[in-house]
Amino acid sequence: MSSIGHVLNDLKSLVGFNTVSCNSNIELIDWAENKFEAVNAQSVRIPNLDGTKANLWVRFGPETAGGIVLSGHTDVVPVEGQDWYSDPFEILENDDRIYGRGTADMKTFIAFCTAYSTVFSNAKLNRPVHIALSYDEEVGCTGAPAMIEQIALSPFKPSVAWIGEPTNWKVVSGHKGNVVTRVEVTGVEAHSSQTHLGISAIEPAVKLMSILQGISEDLKTLALDGSLFEPPYPTLTIGQISGGTASNILAHKCEFVFDLRCIAGIEPDTVLAPFNRAVVALNAEIAGRYPEAGVQLHRLCNAPPLAVTLESEVEGFVRRLTGDNAQRAVAYTAEAGQFNEAGMPAVLCGPGSIDQAHRPNEFIEKSEIARGVQVFDTLVKELRS
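Residues numbered from 1 in each chain as written. Predicted model: local features only at pLDDT ≥ 70, side-chain atom pairs only at ≥ 80, totals over all residues. Heavy atoms only, no water.

Engineer: Lay out empty space enclosed by the protein with the relevant residues and their values.
Structural biologist: Taken as a whole and judged by the stated rule, the model has 1 cavity of 30 Å³ or more. Approximately 30 Å³ is the volume found for the largest cavity. The residue inventory of the lining of the largest cavity, partitioned by class, reads 2 nonpolar, 6 polar and 3 charged. (1 Å grid on protein atoms, 1.4 Å probe; cavity = no way out; pocket = protein on both sides within 12 Å on 5 of 7 lines; lining within 4 Å. Points joined across faces, edges and corners; volume = space filled by probe spheres on them. Nonpolar A, V, L, I, M, F, W, Y, C, P; charged D, E, K, R; others polar.)

Structure follows, in structure tokens:
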């Protein structure tokens, strides 16, 4: 079996790659691919359109369907503006913690996958083991779909998808989906004293944001008793806004971005129907006066939720390895919903705490790595013929 030292060595290498989502992840993918190919794994690289980023799909064991896929995203969130007391792209061991960007979210799980590659290769597996490394999860789960589609259409399609998001090795059965939309309002500039000669883009933007605020309040009425989610209803937030040049100029542009997170069974387009009708009406009104002006919507992300399905094969499989039988769901979005939609039932389960994700001085407890060695050793025993 692999050891804590092997996992720590690989984690050190992985954290050393600055894979903030705005950067390339190719150096990390090269490193991982070399490790996997050194133990005779079958690997497929799925690049983005310009080749600056890539997914990596790796297979061990028999060339059959019905295996298990271990999945993790290679990108991390930015560190700019955060108060780090060490280099975020070098691990720092301090007492019982290991600090560094991605230690919790989620390079430690990837380190388990790479550290155990020799074990997977040498074991006589009774079912295939797949490893799926993605890009751009942190900016809307936009990188994984091309890889997931290729896996799902292959003759080796797995029946279990284990996504290693930080859950303290607890099984999470469901997550919310996420729809992110940028609203772009174009006005006509004029002196602010001559409002009859133009239109400020900010004013219709404010009207639209007010409608979204109303929808956000209405969503609270959809709370379900006994829900595993916290909060137990869909949420809508406006996270970014920009626009205008000066107080005495009618604004030419105003843009804002909003985020809608729905539980399975609640359709985002239904929730947003009043907003979409208002967009159509405002666009017609503005463009009727000034054809060069109006309102445009740009959907940046549409990641599906993961419905809670406690009877799935993956639930039983991962729970046998961890010994965890409690029921949980989370409000954040992950790639599990995408695997599930492609016919590979999924759960979240991995080392570290989501409470540390995205924060300065992100860390993972060393006990989480020791616990992970136990879990992966049990996984190997489960998969041996």
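Engineer: An account of the packing of aromatic side chains is needed here, citing residue identities and associated values.
Structural biologist: Here the structure, examined in full by the defined rule, presents 15 aromatic pairs. When the ring of Phe-36 is compared with that of Phe-60, the centres are 6.2 Å apart and the planes differ by 75°; the resulting orientation is edge-to-face. With Phe-36 in helix H2 (residues 26–38) and Phe-60 in strand E2 (residues 54–60), this residue pair connects regions lying 24 residues apart in the sequence. Judged by its relative accessible area of 0%, Phe-36 falls in the buried class. You can call Phe-60 buried: its relative accessible area is 4%. Ring geometry for Phe-112 and Trp-169: centres 5.7 Å apart, planes at 85°, overall edge-to-face. Pair noted here: Phe-112 is in helix H3 (residues 107–115) and Trp-169 is in the loop between strand E7 (160–163) and strand E8 (174–175), with a separation of 57 residues, a long-range link. (Phe/Tyr/Trp six-rings, centres within 6.5 Å; stacked < 30°, edge-to-face > 60°. Helix = DSSP H or I, 4+ residues; strand = E, 2+ residues; numbered from the N terminus. Buried < 20%, exposed > 50% of the residue type's maximum accessible area, 1.4 Å probe, protein only.)

Engineer: Please give an account of the sheet that holds strand E9 (residues 178–186) that cites residues and values.
Structural biologist: In spatial order, the strands read E10-E11-E9-E12; together these 4 strands make up an open sheet with antiparallel pairing. This sheet does not close on itself; its edge strands, each paired only once, are strand E10 (235–243) and strand E12 (294–303). Strand-to-strand twist in this sheet, taken as the mean axis angle between neighbours without regard to direction, amounts to 15°. Set on the sheet, helix H6 (residues 202–219) makes contact with E9, E10, strand E11 (253–261) and E12; between it and E10 the angle comes to about 165°. Contacting E9, E11 and E12, helix H8 (residues 273–289) crosses the sheet at an angle of about 150° to E12. (Pairing = 2+ DSSP bridges. Axes fitted to C-alpha atoms, helices over the stretch in contact; angles between N-to-C directions. Contact = heavy atoms within 4.5 Å.)

Engineer: Can you explain the sheet that holds strand E5 (residues 97–99)? Please cite residues and give values.
Structural biologist: Strands sit in the order E4-E5-E15 across an open sheet of 3 strands; the sheet is antiparallel. Looking at the sheet topology across the chains shown, the edges are occupied by strand E4 (92–94) and strand E15 (363–365). Put simply, the sheet's adjacent strands are angled 25° from each other on average, direction ignored. Relative to E5, E4 runs antiparallel, the two being bridged by 3 bridges. The residue bridging Glu-93 from the neighbouring strand is Ile-98, located in E5. Relative to E15, helix H11 (residues 366–383) is tilted by about 60°, and along the sheet it contacts E4, E5 and E15.

Engineer: Just give me the short version of the environment of Asp-259, but keep the residues and values in it.
Structural biologist: Tracing the chain through its elements places Asp-259 in strand E11. Once the C-alpha coordinates of Asp-259 and Lys-381 are considered, the two residues, 122 residues apart in sequence, prove to be 42 Å apart. Setting aside residues up to four positions removed in sequence, Asp-259 forms contacts with Asn-178, Val-179, Val-180, Thr-235, Leu-236 and Thr-237. Within the structure, Asp-259 has its side chain in polar contact with the side chain of Arg-261 (distance 3.1 Å). (Polar contact = N/O pair within 3.5 Å; in protein donor to acceptor, adjacent residues only side chain to side chain.)

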